[in-house]
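# Close look at the chain arrangement
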Amino acid sequence: MNANRKSMLTAAIVNRAVRDSFIKLNPKSMMRNPVMFVVEVGTVVVLLMTLLPGYFAAKDDIGFNLTVFFILLVTILFANFAEALAEGRGKAQADSLKNAKKEIQARKRVGAQSVVIVASTELRKGDIVVVEQGEMIPGDGEVIEGLASVDESAITGESAPVIKEAGGDFSSVTGGTRVVSDRIVVRIASDPGESFIDRMISLVEGAKRQKTPNELALNTLLTSLTLIFLIVVVTLGPIAGYLDIELQVPVLIALLVCLIPTTIGGLLSAIGIAGMDRVTQFNVLAMSGKAVEAAGDINTMILDKTGTITYGNRMASEFVPVGRESVGELAALAAIGSVRDETPEGRSVVELAKKLGLAYDEAIAAGGEFIEFKAETRMSGVDLTDGRQVRKGAVDAVKKWVAAQGGTIPADLDAGSDSIAREGGTPLAVAVDNRIYGLIYLKDTVKPGMRERFDQLRKMGIKTIMCTGDNPLTAATIAREAGVDDFVAESKPEDKIALIRREQAEGKLVAMTGDGTNDAPALAQADVGLAMNSGTVAAKEAANMVDLDSDPSKIIEVVSIGKQLLMTRGALTTFSIANDIAKYFAIIPAMFILAIPEMSVLNVMGLGSPRSAILSALIFNAVIIPLLIPLAMKGVAYKAMSASKLLGRNIVIYGLGGVIVPFIGIKLIDLIVHLWV
Ligand SMILES: Nc1ncnc2c1ncn2[C@@H]1O[C@H](COP(=O)(O)OP(=O)(O)OP(=O)(O)O)[C@@H](O)[C@H]1O
Ligand SMILES: [K+]
Ligand SMILES: [Mg+2]
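Residues numbered from 1 in each chain as written. Chains lettered and ligands numbered in written order. Predicted model: local features only at pLDDT ≥ 70, side-chain atom pairs only at ≥ 80, totals over all residues. Heavy atoms only, no water.

### Here we look at the UniProt feature "active site" (unreviewed entry) in the protein
The UniProt record annotates "active site" (unreviewed entry) at D304. Among the secondary structure elements, D304 is positioned in strand β9 (residues 300-304). A relative accessible area of 22% places D304 in the partly exposed class. Apart from the residues within four sequence positions on either side, D304 is in contact with I309, M466, C467 and K496. Here T308 takes part through its side chain, which lies 2.4 Å from a polar atom of the side chain of D304. (UniProt positions renumbered as here; feature names shortened; annotations may be inferred. Helix = DSSP H or I, 4+ residues; strand = E, 2+ residues; numbered from the N terminus. Buried < 20%, exposed > 50% of the residue type's maximum accessible area, 1.4 Å probe, protein only. Contact = heavy atoms within 4.5 Å. Polar contact = N/O pair within 3.5 Å; in protein donor to acceptor, adjacent residues only side chain to side chain.)

Below, the structure is given as structure tokens:
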């Protein structure tokens, strides 16, 4: 991962955040946060009363009023600082991305063979460019010719070059990355300003940050609470006046600020930004905050087997002949049928034949028409020039193919394939025309720690379904070994989308990962679709998240981050509202004692004086914001457990804690403040 992306808070980020806290005082930007905007209006009123004492207040109140003004101003600055700090890392990252986005020259193809030099900024969707060794790729696109290794460190932070090739699932390239060897022809897939880096910049900068539905709902709640308390406090003046009690405006404003949910109001956007940022630091790009929150609410997770649950480098490890066929013949045919199969499986078959010293005729292998592997047919092979058709593929698919040509199925085929499958391997049958020669044992291993991760997901209440093109027996073995809740075997690409729709019809939120063009519809259908950066342009465009490290099992952590975000917001909202209740008990008695000194029995907290009580409550209200910034940024500690259990636990910690902490805090502050007031 990128070193500067990992770095936590640098001095530069903090300095910038301090500066931004003042810039954010602009009422125009404050208005987006109604709770803090009310505080700002109150601050201005108190300032006016302090500056123009003759009009509004008695002279001896100047010191008190000035202090209230100062605490209120600091309260707003603290809230602004929280937001600015949360934005800081993204802004720093955007700066370094902008460096990767320099205008460069591109070799645009015109006509069949000639090229012209144009600026990369002039490239449009559909243009064809040629990129030679050492050159920067001028825009996002799909490799349509050639193969090259590409240094993508500008985007992924990963220094090892990756292979990009035409066709298949590793064909997408990103503008601003560099070809380190060979030459490719790329079809540009985005218009200027809409490239991956552009999107990434606006994403990390938060330029297009929109409030999520969740945030909007919470904001409405907080605004309503603010409005209610505003009405309460505004009517308190006349009521008190009627009772001949004089309540001073700055005291009323202090009361108002203590009562309205300033803690969560001040930290709300920081929590959202920090949640997004945690995902980004994890090298996953979420296209919206909504996607991250959806991840937190996921009920069902669909994972594919090969490459997600297992390592996915399925390697041929053994040739198993059936009937009276020989290993040599089987290996030769398997190799001939695989010479032009560029999948890892295909390459490993040829390698195994070579390793075992089993010969095959290179000339025969090179000729004929190559039949590429397709997830729909689950077979690959070659039609030789002599008319013979060589096929290898999923056992049931090959059986059907052979049967259709009037062939018979060797009696020991099923036993052989079952024993491979029971070990978690993938059996491939090898056939020529109507005759089956035997099996290839493809070995794959479950990634370590999968069982623990699925256990965790289960505790979170998330159902995991493994979806694989493999046969039911292999699927069952791997499913058992990895500990997923359910599996679907022999699934074709369209089965994934059907599965997602079925779950969604039951009201569930579904997450899935994918990288191929045929995953694109399912990625779009899923509530959280995580595409691999190595994958195709179609997959990346359909998904609402892209993993720069192309590790599909990361979906598990993304869900944890989403949950943590939702929980942090819930916990701090609970804490904030509980806090306000406690402050109410500190400040209301103080107000009345100030007006009617005989009421001093109300001073249950034993605070120094009414004024020091009010100031202490107000100071507590301000300092709790920066004290909670680390929690808002890091998120509350998250343990895998059911939603209801978590809710109960959080209400105890943050609800009860929220009531108790202010009493202690205000009392302590009062001990100091009382020395002056
Ligand atoms: N190169 C290949 N040539 C012939 N058959 C193959 C090849 N690769 C895979 N197969 C067969 O096709 C089946 C489906 O493969 P596919 O890649 O669609 O799914 P999968 O990788 O098994 O499952 P997953 O969805 O978990 O990735 C495999 O189980 C295997 O039997
Ligand atoms: K408050
Ligand atoms: Mg696959």
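### Some details on unusual backbone geometry
Backbone geometry follows two general trends: most residues other than glycine have a negative phi, and most peptide bonds adopt the trans configuration. With a phi angle near 70°, D182 is a residue other than glycine that sits in the positive phi range. With respect to the element layout, D182 can be found in strand β7 (residues 178-188). The exposure class assigned to D182 is partly exposed, which follows from its relative accessible area of 42%. Phi at D433 takes a positive value of approximately 50°, unusual for a residue other than glycine.

### Here we look at the site of ligand 1
Residues in contact with ligand 1 amount to 21 residues; listed here are only the nearest, K305, T306, D341, T343 and S380. Within the contact set of ligand 1, a nitrogen atom lies 2.7 Å away from a side-chain nitrogen or oxygen of S380. Between C467 and ligand 1, the recorded distance is 3.5 Å, taken from a backbone N or O atom to an oxygen atom. Coverage of ligand 1 by the protein amounts to 90% of the 610 Å² it exposes when considered alone. Of all elements in the fold, only α13 (305-309), β12 (379-383), β13 (389-394) and β14 (426-432) reach the threshold of two or more residues within the shell around ligand 1. For the shell around ligand 1, the element with the most residues is β13, which contributes 3 residues. Its residues placed into classes, the shell around ligand 1 shows 6 nonpolar, 7 polar and 8 charged. (Near = heavy atom within 4 Å. Areas by Shrake-Rupley, 256 points an atom, 1.4 Å probe, with all protein chains shown as cover. Nonpolar A, V, L, I, M, F, W, Y, C, P; charged D, E, K, R; others polar.)

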